[in-house]
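Chain by chain, the residues run as shown.
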Amino acid sequence: MQKVTLAKFYDKDLSFSDYLNWFSTHPANTVDVLSVLRAQQPNHHGGTTKDWCPNVSSQGGFVSISYLDDKPVCCSLGQGQRYVYYKEDEQFITLLCGRWPRTEVVNVSKKGIRAVQSYRSAAGS
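We now turn to the structure provided with this report. What you are looking at is a predicted structure, and each value in this text was computed from that prediction instead of being measured. (Residues numbered from 1 in each chain as written. Predicted model: local features only at pLDDT ≥ 70, side-chain atom pairs only at ≥ 80, totals over all residues. Heavy atoms only, no water.)

**Concerning the pairing of strand β6 (residues 92–99)**
Stage number 1. Judged by how many residues are buried, β6 sits mostly within the fold: six of eight residues are covered.
Stage number 2. As paired strands, strand β5 (residues 83–88) and β6 are joined by four bridges and run antiparallel to one another. Among the inter-strand pairings, Glu 88 is bridged to a residue of β6, identified as Ile 93.
Stage number 3. Taking the residues that link successive antiparallel strands as the turn, the β5-β6 hairpin has three residues.
Stage number 4. Pairing of β6 with strand β7 (residues 102–109) involves eight bridges; the strand directions are antiparallel. (Buried < 20%, exposed > 50% of the residue type's maximum accessible area, 1.4 Å probe, protein only. Helix = DSSP H or I, 4+ residues; strand = E, 2+ residues; numbered from the N terminus. Pairing = 2+ DSSP bridges.)

Here you go:
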């Protein structure tokens, strides 16, 4: 069922017999979740999910926070999951977190990522 979930994520309408062949010839893109979805801990204690994940939205309507290596991440990861599938367009990086049947699709604004990277570059200089 995970392959069916991946095919839907990548907008592929494949027959069941095509799944194995498509995934062997078209490997999915993956990214380390900490590089894109690491939560930003607010300067104050507590805060809302929007404070922790300001540039992240979930297709399910609610962004989950899970932990990887004791670091908060803005999506619901599967047990032991570090790498997540992704696709991108001009405005967003869309990521598939978790494993079937518990998956979460989140969007990260590329503008938000650039703003954070610019801020970190300026702060590190």
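The rest of the description comes next.
**Digging into the side chain of Glu 104**
Stage number 1. Relative to the elements of secondary structure, Glu 104 occurs in strand β7.
Stage number 2. With no salt bridge to any partner, buried Glu 104 finds its closest opposite charge in Lys 50, at an N-O distance of 11 Å.
Stage number 3. A polar contact of 3.3 Å, which involves the side chain of Glu 104, links it to the side chain of Ser 58. (Lys, Arg positive; Asp, Glu negative; His and termini not counted. Salt bridge = Lys/Arg side-chain N within 4 Å of Asp/Glu carboxyl O. Polar contact = N/O pair within 3.5 Å; in protein donor to acceptor, adjacent residues only side chain to side chain.)

**Thoughts on the state of the cysteines**
Stage number 1. Within the structure shown, the criterion is met by two disulfides.
Stage number 2. Here Cys 53 engages in a disulfide with Cys 74; their sulfurs sit 2.0 Å apart. Linking Cys 53 and Cys 74, the disulfide has an S-S dihedral of approximately -90 degrees and is accordingly described as left-handed. Of this pair, Cys 53 sits in the loop between α4 (49–52) and β2 (56–58) while Cys 74 sits in the loop between β4 (71–73) and β5; the two residues are 21 residues apart in sequence, bridging distant segments of the chain. The two residues Cys 53 and Cys 74 agree in class, both being buried.
Stage number 3. Shown here is the disulfide that connects Cys 75 with Cys 97, its sulfur atoms set 2.3 Å apart. Between Cys 75 and Cys 97 the disulfide shows an S-S torsion of about -90 degrees. By sign, it is left-handed. With Cys 75 in the loop between β4 and β5 and Cys 97 in strand β6, this residue pair connects regions lying 22 residues apart in the sequence. As far as burial versus exposure is concerned, Cys 75 and Cys 97 are alike and both buried. (Disulfide = S-S within 2.5 Å.)

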